[in-house]
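Each chain, letter by letter, is given below.
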Number of protein chains: 2
Amino acid sequence: MIDRRVQKTRKILSQALVSLILEKGYDAITIQDIIDRANVGRSTFYAHFENKDQLLLVGNENFRHILKSKVEDGELTIDFEFFFQHVAENYDLALAFFGKKGGHVLIDFFRDLIADLVMKHYKIQLQVSEKIQLKMLNYQADAIATSIIRLLTLWVEDQMPFSAKEMAGVSNKMIKQLEAEVFNIKVVSQTH
Amino acid sequence: MIDRRVQKTRKILSQALVSLILEKGYDAITIQDIIDRANVGRSTFYAHFENKDQLLLVGNENFRHILKSKVEDGELTIDFEFFFQHVAENYDLALAFFGKKGGHVLIDFFRDLIADLVMKHYKIQLQVSEKIQLKMLNYQADAIATSIIRLLTLWVEDQMPFSAKEMAGVSNKMIKQLEAEVFNIKVVSQTH
DNA sequence: TATTTTATCGAACATAATGTATCATAACTT
DNA sequence: AAGTTATGATACATTATGTTCGATAAAATA
């Protein structure tokens, strides 16, 4: 059981960071800003976290893990609907983490996560054809993951004018298109 | 005619910044680091630049403008070959600007530039059908521009194992694929 | 409830970066 | 050769950093 004081301190520090991100942007925030806002002693901060990044990561572990599970659940099909849905349900947090004023910690985390998933998805089919440029495919998987996170950023920054389903649809299309290109499958020919 | 001392100061400050980026990463660099490395007085720095970002932007205006012209020359077809070629010919600079240790100034600049070009490219065809979700198309253009810059980052970070032509090919394909998709939407809306 | 454990605060500290200002000097232009 | 100006050196007040310490309040435990 974690000491109630500890829970309280960590929570208020996390909240202070989030509110500060929305105000002045992650990069401009100092430790001093955070402990002033949270009304917490300087030594107390360092008793819990080493720096800003760690506070953002550990302090919002819950949100991060849940969001991670949303995208990992649909591993086989890589369906991002639950992912975007959960973002929409936590708008303030998402804005702080993925918006333009947010830091790069969570963006990098999810970019790498999605890139891995996309690669895993492709690799199932790679066993068949071996002539693929694996390194270039890695680049492309990473690039697509990056563009999906970028879509997310634009979406939350723009107050989410589309549904989570629409956003997931666009994301899935990107992955499918690369898939079609790599494996020489003509998606268009299927609709004809 | 610009004073020779001014030219010398600006050049050495720019070089100091680039070398520092490769060593410790853009974000960790202080003004103090720069003037120490350049052996330039503190007041001299501020006589020329307001901050790090401005030094990076103005100090390497030449490289930026040339690189910009490379991608703008091929406006009609959006051919990135010259773009990646020029990057390859300035490897150290590119690594400092687009590598993982680099800042976000130039990355943001070229992302926006490419996104605009892509949109301009699409808009030619958009005149025909007006039912297109223009906002979503903007998102996608931005996302694709982001992924192309990400490809660039991975490429330079990986010591450029592919030719500029190959990189341009992949970039162009991404744009073409979205183009095909948009065209697809047009067809569907017409048949309904 | 009484006792022990521990998280927090407040204060102090040395170090470092910031942005500004002044002035003598060296380097440049004309 | 004379006038102009960019630079370096120095100083300054302000702010942030990361660490340490003891007193105190709040928690867990018996």
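The sections below set out a description of the structure shown in this document. Keep in mind that this is a model prediction, so the values were computed, not measured.

Assigned secondary structure in chain A consists of 11 helices and zero strands. If you list the helices and strands of chain A from N to C, you get α-α-α-α-α-α-α-α-α-α-α. Per-residue burial for chain A yields a buried fraction of 46% across its 192 residues. Counted over contacts in chain A with a minimum sequence separation of 6, partners at least 24 positions apart contribute 67%. Put simply, chain A shows about 10200 Å² of open surface, and 51% of that area lies on carbon and sulfur atoms.

Listed per partner, the contact involves 26 residues of chain B and 26 residues of chain A. Taken together, both faces of the contact between chain B and chain A bury some 2500 Å²; the carbon and sulfur share is 65%. Residue Asp-158 of chain B pairs with Lys-135 of chain A through a salt bridge whose shortest N-O separation is 3.3 Å. The interface formed by chain B and chain A includes seven residue pairs in polar contact (both at pLDDT 80 or more). Sorting elements by how many residues they give to the side of chain B that touches chain A places helix α9 (residues 134-157) of chain B first, with 13 residues. Looking at the side of chain B that touches chain A, its residues break down into 12 nonpolar, six polar and eight charged.

Our focus in this paragraph is the packing of aromatic side chains. In the structure shown here, the tally under the stated rule is 20 aromatic pairs over all chains. Here the aromatic rings of Phe-45 of chain B and Tyr-46 of chain B are separated by 5.3 Å at their centres, their planes lie at 80°, and the arrangement is edge-to-face. The exposure class assigned to Tyr-46 of chain B is partly exposed, which follows from its relative accessible area of 44%. Following the ring pairs from residue to residue traces out a cluster consisting of Phe-80, Phe-83, Phe-84, Phe-98, Phe-109, Phe-110 and Trp-155 of chain A. Sitting over the ring of Tyr-26 of chain A, Lys-52 of chain A keeps its end group 4.4 Å from the ring centre.

Residues and elements named next belong to chain B. Look at α9: 35 Å from first C-alpha to last across 24 residues, which is about the 34 Å you get at 1.5 Å a residue. Of all the 24 residues making up α9, 20 are buried; the element is thus mostly covered by neighbouring parts of the structure. The positive-phi residue at the C-terminal boundary of α9 is Gln-159, with phi of around 65°.

Turning our attention to the protein's contact with DNA strand C. Taken together, 19 residues sit near DNA strand C, with Thr-9, Gly-41, Thr-44 and His-48 of chain A together with Tyr-46 of chain B positioned nearest. Interatomic distance of 3.0 Å between a backbone N/O atom of Gln-32 of chain B and a phosphate oxygen of DNA strand C. Its residues assigned to classes, the surface near DNA strand C comprises four nonpolar, nine polar and six charged.

Our focus in this paragraph is the relation of the copies chain B and chain A. Once turned by 180° and shifted 0.0 Å along the axis, chain B lies on chain A with an RMSD of 0.1 Å. Between the two chains, the operation in question is that of a two-fold axis. In terms of proximity to the rotation axis, the leading residue of chain B is Ser-147 of chain B, whose C-alpha is 2.6 Å off the axis. When the interface residues of chain B are mapped onto chain A, 100% of them again fall at the interface, so both copies present the same face.

What follows deals with the protein's contact with DNA strand D. Taken together, 19 residues lie near DNA strand D, and Arg-42 and Tyr-46 of chain A together with Thr-9, Gly-41 and His-48 of chain B sit nearest. The protein-proximal atoms of DNA strand D, defined as those within 4 Å of the protein, are 65% sugar or phosphate. Between a phosphate oxygen of DNA strand D and a side-chain N or O atom of Arg-4 of chain A, the distance comes to 2.9 Å. The separation between a phosphate oxygen of DNA strand D and a polar main-chain atom of Gly-41 of chain B is 2.8 Å.

Conventions used here
- Residues numbered from 1 in each chain as written.
- Chains lettered and ligands numbered in written order.
- Predicted model: local features only at pLDDT ≥ 70, side-chain atom pairs only at ≥ 80, totals over all residues.
- Heavy atoms only, no water.
- Helix = DSSP H or I, 4+ residues; strand = E, 2+ residues; numbered from the N terminus.
- Buried < 20%, exposed > 50% of the residue type's maximum accessible area, 1.4 Å probe, protein only.
- Contact = heavy atoms within 4.5 Å.
- Areas by Shrake-Rupley, 256 points an atom, 1.4 Å probe, with all protein chains shown as cover.
- Buried area = accessible area lost by both parts, 1.4 Å probe.
- Salt bridge = Lys/Arg side-chain N within 4 Å of Asp/Glu carboxyl O.
- Polar contact = N/O pair within 3.5 Å; in protein donor to acceptor, adjacent residues only side chain to side chain.
- Nonpolar A, V, L, I, M, F, W, Y, C, P; charged D, E, K, R; others polar.
- Phe/Tyr/Trp six-rings, centres within 6.5 Å; stacked < 30°, edge-to-face > 60°.
- Lys NZ or Arg CZ within 6 Å of the ring centre and 35° of its normal.
- Expected span 1.5 Å × (residues − 1).
- Near = heavy atom within 4 Å.
- Least-squares fit on C-alpha atoms with pLDDT ≥ 70 in both.

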